[in-house]
Structures are given as C-alpha cells and as structure tokens.
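Structural features, examined
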Amino acid sequence: MIKIDTLTISEFRGIRDLTLSLNRKNFAVCGPNGTGKSGVVDALEFVLTGTISRLMGKGRGDLSIKDHAAHVDCQKSPEKAFVEAVVWIPSLNKTVKARRTVKSPSVLELTPDSSGVRAVFRQLEAHPEIALSRREIIRFVLTEPGQRAKDVQALLKLDQLETMRSRLQKIANAAENTAKTAKNARGTMRADLVRAMDIAEATETNILEAANKRRAIVGLAPLLSLATDVSLRDGLATVEGAQPSRINKAAAKSDIAAAASSVNSRVLGTFPARLAEARSAVELLQVDESMLNAVLGDDFLKTALELYDGELCPVCDTPKSLQEITTIVSAKRKKLEDVRALREKAETAISPVRETLDEDYAFARTVYSYAKQLLGTDELQAIADFGKALKDASDTLRGFLPLDKTIAVLAELPSADAFMGVLKKIETAVEALPEPSDQDAARDYLLTAQLRLEALGKAHATARTAEDRATKARRVFDIYKQASNAALEKVYDDVQANFANLYRRINADDEGAFEARLTPSYGKLGFGVDFYGRGFFPPGAYHSEGHQDSMGLCLYLALMRHLLGGGFTFAVLDDVLMSVDAGHRREVSKLLRAEFPDIQFVLTTHDKAWLKFMSTTELVKKEGTVHFRKWTVDDGPTIWAKGDVWDEMRNLANDDDVPGAAALLRRSLEHLSAEFCEALRVKVEFSVDGHYDLGDLLDPAIGQMKSLYKDARLAATSWQDTDRVAVIEASEKAFSDAVNEAKVEQWQINPSIHHNEWASLQKSEFLTVIDAFETLCTHFKCDACGDLIEVSPSRGKREYLQCLCGKVKFSFMKKPMDK
Amino acid sequence: MTELDKPDIIESNDLSVVDRVLTEFINAVAAEDGYLEISARLKDGILEKRDFSEAALERALFGVEQ
C-alpha cells in the first residue's frame, strides 16, 4: 500500500514538535518508558487511518480523539494539533503529503490529491491493524476459539465475504419466490384455459382438437398447429369479433363453479391444518416482548443494510464504509440468529396460505367480469370488497410484520359469506341466460379460448424467465459457497504453514520441528501448537510468555501477508517482543529482514539491546533509528543526537541552571557509557534489576579502553610494527589525558548517594566539566567516521579494536613465540 | 470454444484474502457452462468497481436489462 518518507508531528499526544525521516526504510524508535514512543505510533496510525486505537474501542471509557489526541496544552486549539506524512505509494509510484488535524480526524488532506491516492487511503482506513501493540498481537494467540475466529475474521475482513454470501442468498431466495409466484400465476392461467375450453389438459393436441371442433361449426378451416402467429379465432377477424359479445355461458358456469370450489376448500381438506400450523409458527415469535423486540430488531437491521447507499449509515447519516456497517449489523444480527430461524420457519408455513388467498383473489377478478354484466352495484361492491380483503390479507402475510396483524389474518381469513352469496346470484343469472345457438357458442368459445391462451402464453414466458433467473441465482450462490469455503480453507492452511515456518525460523535452536494447526469450524477457530513433539496444545498451555510473544508476531505476520498480499508494505510493531529473550530477538530481526524485505517496519522498544540486534542484523540502519532520552510535558520527547546534548548542557549552565545541566550530564554519561560498554565488550557488575548507574558503567569502560589499547600495543610490538605502536601510543596518551582532564575519579559518584555533586558547582566550574567530559567521550569514537570504536567480533575471541571506516583497526593477535 | 469465448481467468497472486476468494468464485462461475457473461459482469462489478450492493449483484446475475 504505502511507505513513509517523513513524519511530522505537531502538538499531538505527548509530542510538541517532531519530524522523523524514515526514508521508506525500516525505522526504530527506542527510549525508556514514558519518553514519547507511543506518540509516534499514535501519530502514524492517526495520519494513515484517522483513528487512534489507544483512545478508542472497548474499555476506553470517555476517551476520544477530539478531546484527547491534542497535546494537553493544545486541547483548546485542536486545529493546531496535526500529523503530516510524506508517503510513497508503490502501486502508483507517487509521493503525496497526507495531513490530518485533531479538529477533523476524518478529513484527510492530500497533496497532490487524486482518486487513486484516496482509494489507497480508504484501504488504509479499513486496515488499522497495520499498527499493533503487543497486547493486540498476543490476543490472536491467547484467546478462546470463538473470539479468535472473530478477531481473525475481522483482521482478514472476512465479514465482506459473509455480506456477499448473505446478499447472494437473499437474491437467490427472492428469485425463487418470484419464480414460484410466476409459476402459480401460470397454473392459474392454465386452469382458466382448461376450464374455458373444457379440456382435460392444456396440451397442443387437446387445444387444437377442441378449437377445430368449434371452428368447424362456424365454417372455419382447422388449425394445424399452435405456432406463435396462429390465433384460435383466425377467420373471426372483425373488430367486434375481438371480444365475446355476450357472456360465454359455458365458460362462465365453469369459472363460477371453480371459484366456489376454491373458496370452499378453505374449510375442507388439509387447508385448516396448514392454517393452524402457520398461526402457531407465528405465535411462537410473539411469546414474550423480548422475542417480539428481537424480531423487530432483526427486521430493522436487515432493512438498514438494504438501505445502505455505500456512503452514509441510513440510520444516523454518519459516513460509514460497507465493512463498518456490515460489521455492526452482522454482529447484532448474529445475536438474533435463533429468532431468525423461527421467522424463516413461520414464513415457510405462511406461504401456502398466501398462495390460496392469491388464487381466490384471481377468481374474484374473473367473477367480477361476469357480475358486471349480470348484477347490480351492491353485488359488484361485495365482490370488490372481498377481492380487496384478500389482497390486503395476502400483503399482510407477505410483509410478515407487524406480527399481531399477521396473526389476526391467520386467525380470521377474509369472510367469503357475502362473496358466496353473490356467486349464487351470478350462477342463477348465468343459468337464466338463453342457451346460445351452436354457432354463437362456438364463436364465444374461440374468442374466450384465444384470450386465455394469450394470457397463458404471457404467464408462461414470465414464469420461464423467472425460473431461469432463479436457477442462475441459486447456482451462482452454490458456486460461491463452494468456492469461498475451499478458498478459505486454503487460506487457513497457508496461514498455518506460513506461521509455523516463521516460528521455526525464530526458534530453530530448540523447536526446529514445530508445527501448528488452525482448525476452523462454525464460528470458531481452534489454534493448536506442537509442544516438543508431545502433542498439540493451546499456545498458552505450555509455551513460555516469550514463545507466546513470538507466536503472536508470527501469526500476525502470516495473517497480514494473506490479508493484504502484495499490498502488505508497512507495519508498526509497538514493543511487541517484550518477553522474548535476547537470543530469539536476534532471530526475529533476521527473520523480519530476510522474510519481509519489501515491508517498511516501524518498531518501538524500550530495550537498547533489542535496538542493537536490529542494527547488527541490519534490520535498521544507523540513520533509521531515533533514541528518545527524556520527555517533559512542556517539551515532549528529546532525542539523543550527536552534539546537541552538550550544547543543551552549556545552555542550561549559562542560564544559571547548573543543577539542570548537572542532571543532564549525568543522564547523558549513563546513556553513552552504556554504549561504550557494549561496543568495547566491557564486563560490568551484574545488576538484578538491569539498572546501572554512571559509576557502574563509565569506570569499567575507561578501564577497558586502556586495557584494549595496551593489548593492541603489545600485539603490534610483537610484530615489531613500530608505526602502529606509535599510533596506538598516541591514542593511549590522548585518551589518558582526556580521562585526567575530566577528573573522573574526583567526580566518581557513589550510587547510594542521591545528591549529584556537580549540582553544587559554580557555572564556570561546571562548564569546564562539560568540556572535559565531551572531550573524553569523543575519545571513544573514531575522529574520522564518528562511529564508536568497538571490539570485533562482538562475541568470542577478540580480534580487533576498530571503527566503522577502518581508520582505527588494531589487531590483538600477537606474533607466535619462536620455539 | 474459441479463444474469445475462453473465460478470463484472473491470477490470484498478490491479492488480499477477500479478493482471492472472490477471484476463485468468479473463475468458478466462468467455468460453468453458459455462465460466462455472468462471470464477466461479476468481475466488473465486484472486483473492479468494488460494488457489493444487492443492486449491483442483481445486475451482475441477471444483466442490466432487468
């Protein structure tokens, strides 16, 4: 997705003003706790995604970005609190400046702006997991399977796939319902035709035979086929011949009998039992208020998702991505799963009742056309009322909610008494019609038959289209289920293999045969890890905390690789390896460098040793590190940087703040002495709490440097290398002079004494001390490259005292003695 | 089947999990006899236009003329 060139932070969290040059490379932020490292992590997350997870989500109480992301002294001017990042987008090969202010976190300013760049940032906003802390990473490992499934699915954005599944299913279900309705309509039309033509079945042979019989009566030639351009009434082609001039007595009798039979069937056969079953199924959902509310809630959520327009939440009009809104709605609907199952059962039970009502409605329409010619307005109104009641009842059942209305319909279907009374009257009126002549009867027969044949043709075409759609929608849905299940299984297999491989590389020394199993099942994701060949157990069962930390990191990296594919280009790892021991941290550094060469990692740590490993394994370059030494609420973090700390001390002393300058000198020397000790492989008295004072470090470092020069000089002497001996002697002398000048022994501070003796000096005296110690410290470095002089190699037998550029390179190897 | 009729199989390297799953799905639809057009419309709608709405899926399944 992106890589960061520079990051500028202003009045944000604990930071007043800070610019870091990351140069698209790995970058490490090191410093003791409370020096502002997390502010950098928050700033990166904020500018890339518009959020700060530390201030949001579960357990964060009343914290918010708007109120708490600005520096505490800038709370009232949130527009001044901003983060700016110069970002390179590999996929577009573009560099853009992104900026967000605390005042408007969701407003992303881009320079230059373009839709392509915005699309990349939208993707970043959807992936806040690019910045994770140890606590967030370890949750993938140490959590129960149900929660892990949710976390992993959320990380992998699998809810989008679930949304697709439910939408395809909804479309397939709707298409099947439409096809069913169309099929029923076709059945009604076919029944109408069969009754009107008085045939056993609507086959081409039967239709032709019956029509040709009537055509012969009116003197028309027989039809040979029922092609689309053929009409049963061909030859009766006059304007008035298009409609029957009077009621087709035979068809009317048949239609009326069918209508009466349909309405009567409501009290006969299996229908009463079906009706009772439907009513019970619906009433189950109304047993108590909470169930009813759940039904209403589920319906509301379903509608909310359907009304989502791709930008705004349809309920509160706030901007929401599809992923956000589906996550919210799906999580809520998941809780209502039982209710949803009951609802589906009830809707299935209601379906045949509704179909019966629709059939009766169709009959009411047919009967109405006869009544119009035979009866008065009261009877017509009675039929119309019955038809409307049927339609309303069917619509209520289709709508399902509100439940009380559905139950009321099922408890009492529209009364057919008035309709049946009218039906009797029509029957009587039809019976009273004079019998038509054979020719008139044949003519009416052909006209009615043709009208109903055409209606059947249309209904047939509609049903076929609907069936075709239903088939396709169902097939596509089935393919989706199969393909997505298979693809997800493969994803889990790949993640599992990738995770185990990464973990093995870190722990090759003792877990070279490590294996892991990710076992997805409905709503759960089991995670078993091999424990020294003794079987598979949950990660928290037997593995140490350090091993769990590295498991968390490996699982996160494997998941991100699969989540973003080639788009995984940037990740912030916020103190994620707290419990991993030194040896394994080195392996982690090597792993990140070797396995993820194209990814820009920003790593924070409070542990200098971890920083050293990052440096020695070349995970981060020297220029890719920043070392925070202190933090104050007024100034924010202060960075260890070449030179500036000495100027800062002098400035403090010149401002008559000798105590402040003295404290800074002491902290600086502690920091630098630690670096000297590490570079020179100094043996330091062990401290169980890992804390070392200046006296613990500087003296041994000085002693070691003297000893190393001496060893190097003796080695050069053994080779009779007089030039080198001279150079070493000069270095030794310069170093000793600097030590003497600094009067180190005089200022030797007893760790048990709280008071810093420098603090009681006069300004001029203390400025001399600063100069002396600065000079001393420069003698631990090469005057050409400025790098620390160090013993090489860093472990095992000492071979050289050297610097980075090679100007200082003194061998410890002595010439073997002649035998 | 002519060259033009052959399904436009999408390579799934370097895609996100969701896109990989959707790609597998679209390729499987394309392999179904008579479903080439649906597959092409699904590819255009969900993979290229990123439109996962119900209306877009219906258009993909049934064509724009519905």
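Each value, and the rule that gives it
Along each chain, numbering runs from 1 in the same order as the chain's sequence is written. By the order in which they are written, chains take letters starting at A while ligands take numbers starting at 1. Local features in this predicted model are restricted to residues of pLDDT 70 or higher, and side-chain atom pairs are both shown and tallied only at a pLDDT of 80 or more, whereas totals for entire chains, interfaces and linings draw on every residue. Derived side-chain values reflect all non-hydrogen atoms in the structure, with water molecules and hydrogen atoms excluded from consideration. Secondary structure elements follow DSSP: runs of H or I of four or more residues count as helices, runs of E of two or more count as strands, with numbering from the N terminus. The buried label applies to any residue whose accessible area, calculated with a 1.4 Å probe on protein chains only, is under 20% of its type's maximum; exposed applies above 50%, and partly exposed to all values in between. We count Lys and Arg on the positive side and Asp and Glu on the negative side, and we leave His and both chain ends out. For salt bridges, the criterion is a side-chain nitrogen of Lys or Arg within 4 Å of an Asp or Glu carboxyl oxygen. We define a polar contact as two N or O atoms separated by no more than 3.5 Å, with the added condition that, inside protein, one atom must be a possible hydrogen donor and the other a possible acceptor, whereas residues neighbouring each other in sequence contribute only through side-chain atom pairs. In this analysis, two residues are considered to be in contact whenever any of their non-hydrogen atoms come within 4.5 Å of each other. Strand pairing is assigned whenever DSSP detects at least two bridges linking the two strands. Two parts lose some accessible area (1.4 Å probe) when they are put together, and adding that loss for both gives the buried area. Think of it as three bins: nonpolar holds Ala, Val, Leu, Ile, Met, Phe, Trp, Tyr, Cys and Pro, charged holds Asp, Glu, Lys and Arg, and polar takes everything else, Gly as well.

In this section: the side chain of A:Lys37. Residues and elements named next belong to chain A. Relative to the assigned elements, Lys37 resides in helix α1 (residues 37–49). Lacking a salt bridge, the buried Lys37 has Asp575 as its closest oppositely charged neighbour, with an N-O distance of 5.2 Å. From its side chain, Lys37 meets the backbone oxygen of Gly31 in a polar contact 2.8 Å long. A distance of 3.2 Å separates a polar atom in the side chain of Lys37 from the backbone oxygen of Pro32. The residues touching Lys37, leaving out its near neighbours within four places in the chain, are Val29, Cys30, Gly31, Pro32, Thr604, Thr605, His606 and Phe628.

Turning to the pairing of strand β4 (residues 82–89) of chain A, a few remarks are in order. Looking down a regular strand, the side chains alternate between one sheet face and the other. All names here are of chain A. Counting buried positions along β4 gives seven out of eight residues, so the element sits mostly inside the fold. Pairing analysis gives seven bridges linking strand β1 (residues 3–12) to β4, with the strands arranged antiparallel. Each residue of the ladder has a partner; that of Ile9, found in β4, is Val83. Two elements, β4 and strand β5 (residues 94–101), share eight bridges in a ladder whose sense is antiparallel. When the sheet's bridge partners are listed, Trp88 is paired in β5 with Thr95. Where β4 folds back on β5, the antiparallel hairpin that results is connected by four residues, among which Asn93 adopts a positive phi of roughly 50°.

A separate point is the side chain of A:Ser10. All names here are of chain A. By the secondary structure assignment, Ser10 is in strand β1. Classification of Ser10 by relative accessible area gives buried; the value is 13%. Contact partners of Ser10, with chain neighbours within four places excluded, come to Ile15, Arg16, Lys80, Ala81 and Phe82.

What follows deals with the interface of chain B and chain A. The interface is formed by 25 residues belonging to chain B together with 32 residues belonging to chain A. For the pairing of chain B and chain A, the buried interface totals around 2,500 Å² over both sides, and the portion due to carbon and sulfur atoms is 76%. There are two salt bridges connecting chain B and chain A. B:Glu32 is paired through a salt bridge with A:Arg475; the nearest N and O atoms lie 2.6 Å apart. Run the count over chain B and chain A and you get three residue pairs in polar contact (both at pLDDT 80 or more). No other element matches the nine residues that helix α1 (residues 17–31) of chain B contributes to the side of chain B that touches chain A. Class assignment for the residues of the side of chain B that touches chain A results in 16 nonpolar, three polar and six charged.

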